[in-house]
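Topology and contacts: notes
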Amino acid sequence: MHVTDLKLDLLSPGPCNGTLGSTKPVVSWKVVGDEQNWYQSDYQLRIRYEDDSEYTVFPSETSSESQNVNWPGRELKSKEEFLISCRVKGTKDDQFSEWSDPVKCQVGSLEWKASFIALEHQAREERSTATETLFRKQFSVSKTVSRAKLWCTAAGIYEVEINGQRVAEDFLNPGFTTYEKRLLHQMYDVTNLLSLENAIGARVGAGWYSGKFGFDGGMTNIYGDKRAISLVLDIRYEDGTEESIATDNTWNARIGPSVAGLYDGEFYDANAEVDGWSEPGADSSGWGGSEIVDIKTEAILPQSFPHVTAQRKIVPVECFVTPSGKTVVDFGENIVGFVEFLNVSAPKGYKVTFKHAEVLENGELGVRPLREAKCTDVYIFKGGHVKQHHPRFTFHGFRYCQIEDPDSVIDPHLLKAVVISTNMKQIGDFSCDNALLNQLHSNVVRSSRGNFITLPMDCPQRDERMGWTGDIALFGQTAAFLFDCLPMLCNWLQDVWAEQQLRADREFPYSPPVTVPDVIKYMKHFWDPQMSAIWQDCTVMVPKKLYDATGDVTILKRQYESMERWIEAIPKLPEQVRWDKSRIFMQLGDWLDPSAPPENPVKAMTDSGLVADAFLFLILTYMVDISAKVQPADVEKYRKLQERCRHDFRAAYLLPNGNLISHTQTAYSLGICFGLLSEPEIEHAGQQLAAIVAQNDFKIGTGFAGTPFVTKALFGTGHLREAYAMLLQTKCPSWLYPVVSGATTVWERWDSMKEDGSINPGEMTSFNHYALGAVATTMHEVLGGVQIALPGYKKFIVRPEPGGDITQCTVSHDGPYGMIRSEWKVDQQFHLEVTVPLNTSAEVILPNGSRHTVGSGHHVYECDL
Ligand code: BGC
C-alpha cells in the first residue's frame, strides 16, 4: 500500500492547476493498494518549507481521517513554495508506509502590489468588440537565475510571452469572476525562458471585462473601458539575491493585430503584427507609452483551481459543400473551443473567414440559435507562410465550421478543432451494453466539459454563456461525480456570496442574482431583480452536493452565511414557510417542460408554487444537516422551519385522496424524493407517477426541476419497468431522442431539433446545456448502484437495479479515497464485482435482497435474479 494524490484545499498541485489561497490549507491523500479491509490508524505529515534544507516532520496523529485534515505546520507565507509528503499506518500494520513522493505546492500572492497599466491616452472604446493592447518591457539579467516566477492578472483577457515564447498553453485568463470584489491572478514558473537579454510581452483582449457581454444586446465596457495588465516577475539568482520586474509606466504599449469578442469571434489582421514584439532588441518605433490605471476591484486573489487548457485537438470527419455552395467542415462532435490552421500560404491581404454553428438546418449552418453572437473568426494574411494560427480571447460552441476561402488556400481536411475546458480530471464514468445510453452519458460528459470554462456556464455558443445559478444547482451532484470540479465550483460559490454582498440593500437583502458573476445588474433588465426557487437555491444546493461528494466541511463553513442570508431573504407568506408569489415577478418552476410552448418556457404543466415550495423544503432539509456540522445552535431553528414548510406544503398541494394538485411527473417525483410525503403516500404517489408515465408512452413530462428526480422516484417506489422504459425511450420527448437524432451533447430543450430536422422556433435553443443531463446521476446511482452513504464516499452503497434490455453495466468513480467500481452482468445469474478503496467500506445489496458489509478490496458476488 502507498500514499498518493496529495491535495491541499482539494487542489491537486501542478503547473496551471492554480495556487493556494489559504495559509493553513487542509490536506488530503489517497492510500492505494491491494490490501483487504485496510483502515488507516495513524498518519504523519512532513513539510519542507522553501528556505529549509530539511523536512519538518510533524508528530504522527492517531486518526482514520485521510481527507481534509488540519494543516500541521506554521502559517504559510505569500508566494511560498513547499514540499509535502505523507505516510500512514493501518490498523493491522506494525509500521508506517514509505513516505509518499513529495508534492511541490505553491501559495498564491496574498498581497498585490503591481500596478495596472493601460495604453496611454487611449480613447474610450465604443465598439462591440475591442482591439487588443500589446505591452512590452525589455530587461537584462547579469547573474545566473535559479528561479523565476511570473504573477499576472488583467482587466480583460491576457496572454504573456517571454522572449517570444508563451509562458503556458492556457486560455482566457484571468477568467470571469465577480470583478468588483474578486479578480484572480495566475502564476507561471518561467525559469527556463530567461536569458541574459530579455523581453516580456503581454497582450490583453477585451473579454468579459470590457467586451460585449450579455443577452438582448448586452453591453460593452461593463467593468471598465481599459484593457490593462498587472504583473510581477520575481527572479531569484543563484547567489541568493532577488529582483522583481513589475508593470509600471516605463512599459511600452500599442494596439495589436487581434480584435476579439467572446461572442463575435476574432478579426485578426496579420499586417498589424508587430515583429518581435515580445523579444529583446526589437524596434521600439510605433510603440507608445503606458499609463497607470485604477482598476476597481476589492481584492486580487490566487486562482485556486485549474486554468482553461486545450483538452484535445480533433480533426474533421467530413468536409462538404452545402446546397448554397458553402464549404463546411464537420468535426463530428459538438465541442467548445476554436479552429486552428497550420502551414498555410497566401498573398498579402487575402482573407479567410470561419463561421461556427452547432447544427445544420436544410443543409446550411444553423446560426439562428446563436442570436446576436456572430461566432465568426477572420484572418487576413500579410503574405507568405503561416505556421499556425488560432483565435485568442474568444471561444465558440460548434460542430460545424463554414470556411470562406475564395482561392482555396486552406485544405479543410487539415484543420483542427482545439477543445478547451477548465482542466478538470474526469473521475466518473459509466458504460453498459446499450450503445444509446453510453452515448447519452458521453453527451453529458461533453456538455459538462464544454460549459465549465472558468465557471459553470449555461451554454457555450449564443450571446449568453453565463453562470445561470439554477442550471448548476440541479446539475451539481452529477458534475461532482463526473469531474474533479470542486475547486472551480468553490471559486464560483465565493462569487455567489460576493454578489449577495453587492445586493445588501436590495428589497430582499443578500439575495443572490440569477446569474453569477452578475452583469445583469448593469443592464436595467427585468431579469435583474428576478428571484426564483432552484436558481437562488444554488446557495444551499451546490455546497451541499460538493460536501457530500468530498466530505470537506470547509465548503459548508465558508458558504454558511451565504446560505443563511438566502433563507432569510426568501419572500415568505405571512405565518407560513412558503414562497409569497405576490412579491416576486415569476417563479421559473419546472422550466422548459415539454408542454411549454417554444416562446414561453415557463408555462409548465406543474404548478410553479408547488415546485418552489418543494425546493424550499429541500434546502431547509439540507440546512438541518449543514447547521449540525457548522453551527449546531441553529439546528433547532432549521428543523422548525423545515417541519413548518412540510406542513404548509401538504396543506397547500396535497389532496385528501393522496394526489397532488398537479397530477404530473414532476409533482410526484419531487413529493417522493424530497421527503414531503409519508410512507403510504409515497407508495400512492409512486403508483400515480408510474401510471402517468405509462399513459404518456414512457415519454418525458418534466423540465429542469423534475428531470433529475423522475427516474429516481420510479426506481425508489419499485416501478423498475417504467423507469427503464422511460430511460430507454427514443421517441420525443425523451433522453434518447436527441441521441438517436445524432446529438453529441445534451440539449437545452427536449426538442431543440424537431423531428422534421428544423430547429425549435424558440429564440432560446441551445444544443449544449448540461441541465437535463442530470439523469446521469440515476445511471450512476441506480443502474450502476453507487450511492454515497457517508460524505466523501467514506462509506458507500452498491445496489444495482438491473433491468430493461441491459445485461451488463460498469460505473466507476475515482473518489476522495480512491477508485470505486461496480461492474455487473446478467446471464442465467446476476454477477457483480465491486472495488472498495482502502480506508472505506461499502454495503453491497444484491437484487435478491442479500446484504454484505465489506471493507477495501475486490469483491465478487452472484445471485439469482
Ligand atoms: C439559460 C438557462 C437559464 C434560464 C433562466 C436561459 O437563457 O440558458 O439555462 O437557467 O435562462 O431562466
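The structure we're discussing is the one just above.
Here is a short report on the structure shown in this document. This structure is a prediction, so every number in the text was calculated from the model and none was measured. (Residues numbered from 1 in each chain as written. Predicted model: local features only at pLDDT ≥ 70, side-chain atom pairs only at ≥ 80, totals over all residues. Heavy atoms only, no water.)

1. Comments concerning the pairing of strand β35 (residues 830-836)
The two faces of a sheet get side chains in turn, since along a regular strand they alternate between them. For β35, a buried count of five out of seven residues is recorded, marking the element as mostly surrounded by other parts of the structure. Across six bridges, the pairing between strand β34 (residues 818-826) and β35 is antiparallel. Residue pairing for β35: W824 is matched across the bridge by L832. Between β34 and β35, which pair antiparallel in sequence order, lie three residues. Bridging between β35 and strand β38 (residues 857-863) involves seven bridges; their strand directions are antiparallel. Residue pairing across strands places E833 opposite V860, the latter belonging to β38. (Buried < 20%, exposed > 50% of the residue type's maximum accessible area, 1.4 Å probe, protein only. Helix = DSSP H or I, 4+ residues; strand = E, 2+ residues; numbered from the N terminus. Pairing = 2+ DSSP bridges.)

2. Section: the packing of helix α7 (residues 608-630) against helix α9 (residues 665-674)
Running from N to C, α7 and α9 point in directions that differ by 15 degrees, and their axes come no closer than 10 Å. By the criterion of interaxial angle, the relationship of α7 to α9 is roughly parallel. As for the relative orientation of α7 and α9, their crossing is left-handed in sense. The segment α7 lies against α9, with L610, V611, A614, F615, F617 and L618 engaging T666, A667, L670 and F674. (Axes fitted to C-alpha atoms, helices over the stretch in contact; angles between N-to-C directions. Parallel < 35°, antiparallel > 145°, perpendicular 65-115°, else oblique. Left-handed = near helix turned anticlockwise from the far one by under 90°. Contact = heavy atoms within 4.5 Å.)

3. Remarks on the layout of surface pockets
Of the pockets and cavities examined, the largest pocket occupies roughly 1000 Å³. Every element with two or more residues in the lining of the largest pocket is listed here: α3 (469-482), α5 (538-550), α7, α9, α11 (707-716), α14 (776-783) and β31 (786-790). The element contributing the most residues to the lining of the largest pocket is α3, with six residues. For the lining of the largest pocket, the per-class residue count stands at 22 nonpolar, seven polar and seven charged. What the second largest pocket holds in volume is close to 780 Å³. Lining of the second largest pocket is provided by 26 residues; of these, E161, Y268, E273, Q388 and R392 occupy positions nearest its centre. Broken down by secondary-structure element, the contributors of at least two residues to the lining of the second largest pocket are β11 (157-162), β12 (165-166) and β27 (376-389). When residues of the lining of the second largest pocket are assigned to their parent elements, the largest contribution, seven residues, is made by β27. Its residues assigned to classes, the lining of the second largest pocket comprises seven nonpolar, eight polar and eleven charged. (1 Å grid on protein atoms, 1.4 Å probe; cavity = no way out; pocket = protein on both sides within 12 Å on 5 of 7 lines; lining within 4 Å. Points joined across faces, edges and corners; volume = space filled by probe spheres on them. Nonpolar A, V, L, I, M, F, W, Y, C, P; charged D, E, K, R; others polar.)

4. What to know about the nonpolar core
Judged by nonpolar contacts, the single largest core of 184 residues is most densely connected at L172, L437 and F615. For this core, the element with the highest residue contribution is α7, accounting for 15 residues. Filtering out sequence-adjacent residues up to four positions away, L172 remains in contact with I157, W208, L262, V308, F393, T394, F395, I420 and I453. Counting 31 residues, the second largest nonpolar core, distinct from the first, contains V160, V167, V190 and A253. (Core = buried A, V, L, I, M, F, W, Y, C linked by side-chain atoms within 4.5 Å.)

5. Describing the pairing of strand β32 (residues 795-798)
Residues F796 and V798 point to one face of β32 and are all buried, whereas K795 and I797, pointing to the other face, are not buried. The pairing of β31 with β32 spans four bridges and is classified as antiparallel. Residue V786 lies in a different strand from β32, and its bridge partner there is V798.

6. A closer look at the sheet that holds β38
The strand order across the open sheet built from five strands is β30-β33-β34-β35-β38, with neighbouring strands paired in antiparallel fashion. If you trace the sheet from one side to the other, it starts and ends with β30 (428-432) and β38, each paired once. Sheet twist, expressed as the average angle between the axes of neighbouring strands with direction ignored, equals 10 degrees.

7. Structural notes on the sheet that holds strand β37 (residues 851-854)
Strand order in the open sheet made by the four strands is β31-β32-β36-β37, with mixed pairing throughout. Bordering the open sheet on either side are β31 and β37, each of which pairs with just one other strand. Between one strand axis and the next, the sheet turns through 20 degrees on average, direction left out of account. With four bridges joining them, β32 and strand β36 (residues 841-845) adopt parallel strand pairing. Considered in β36, the bridge of I797 is made with E843.

8. Points about the pattern of salt bridges
By the definition in use, this model includes 55 salt bridges. The partner of K149 in a salt bridge is E81, and the shortest N-O contact between them spans 2.4 Å. Taken together, the residues K149 in strand β10 (residues 145-155) and E81 in strand β6 (residues 81-90) connect sequence positions 68 residues apart. Each of the two residues, K149 as well as E81, counts as buried. In this structure, D495 engages R182 in a salt bridge whose closest nitrogen and oxygen atoms are separated by 2.8 Å. Taken together, the positions of D495 in helix α4 (residues 486-502) and R182 in strand β14 (residues 182-189) put the pair 313 residues apart, joining distant regions of the chain. Its relative accessible area of 1% is what places D495 among the buried residues. The exposure class assigned to R182 is buried, which follows from its relative accessible area of 7%. Bridged by salt links that share partners, the residues R371, R462, D463, E464, E748 and E763 form one connected network. (Salt bridge = Lys/Arg side-chain N within 4 Å of Asp/Glu carboxyl O.)

9. Concerning the site of the ligand
Near the ligand there are 13 residues, and of these D458, R462, E464, D471 and W535 occur at the shortest range. Interatomic distance of 2.7 Å between a side-chain N/O atom of D458 and an oxygen atom of the ligand. Interatomic distance of 2.9 Å between a side-chain N/O atom of W535 and an oxygen atom of the ligand. Look at the ligand: alone it shows 310 Å² of surface, and the protein chains cover 97% of it. Partitioning the shell around the ligand into residue classes produces seven nonpolar, one polar and five charged. (Near = heavy atom within 4 Å. Polar contact = N/O pair within 3.5 Å; in protein donor to acceptor, adjacent residues only side chain to side chain. Areas by Shrake-Rupley, 256 points an atom, 1.4 Å probe, with all protein chains shown as cover.)

10. Things to note about the packing of α9 against α11
Between α9 and α11, the shortest axis-to-axis distance is 8 Å and the interhelical angle comes to 65 degrees. With respect to each other, α9 and α11 are oriented roughly perpendicular. Considering how the two elements wind past one another, α9 and α11 form a crossing that is left-handed. Contact residues: α9 offers Q665, S669, L670, I672, C673 and F674, while α11 offers F709, V710, K712 and A713. The residue makeup of the contact of α9 with α11, split by class, is seven nonpolar, two polar and one charged.

11. Notes on the packing of aromatic side chains
The final tally for this structure, using the stated rule, is 38 aromatic pairs. For the pair Y179 and Y223, a centre-to-centre distance of 4.8 Å together with 85 degrees between the ring planes defines the contact as edge-to-face. Residue Y179 is located in the loop between β13 (170-171) and β14, and its partner Y223 is located in the loop between α1 (207-210) and β16 (228-237); the two are separated by 44 residues in the primary sequence. For Y223, a relative accessible area of 12% gives the class buried. Where W824 meets F830, the ring centres are 5.7 Å apart and the plane angle is 40 degrees; that geometry is what we call tilted. Judged by its relative accessible area of 0%, F830 falls in the buried class. Feature note: the residues F176, Y179, W208, Y209, F213, Y223, Y263 and Y522 constitute an aromatic cluster, connected by ring pairs. Sitting over the ring of Y55, R46 keeps its end group 4.2 Å from the ring centre. Above the plane of the ring of Y510 lies R565, whose end atom (NZ or CZ) is 4.1 Å from the centre. (Phe/Tyr/Trp six-rings, centres within 6.5 Å; stacked < 30°, edge-to-face > 60°. Lys NZ or Arg CZ within 6 Å of the ring centre and 35° of its normal.)

12. Considering the environment of T702
Relative to the elements of secondary structure, T702 occurs in the loop between α10 (679-695) and α11. Sequence spacing of T702 and Q311 is 391 residues, and the spatial spacing of their C-alpha atoms is 33 Å. Not counting residues within four places of it along the chain, the set of residues in contact with T702 comprises D590, L592, D593, P594, Q665, T666, T707, V710 and W750. In terms of polar contacts, T702 uses its side chain to reach the side chain of T707, at 2.9 Å.

Function cannot be inferred from these measures alone, as they are strictly geometric.
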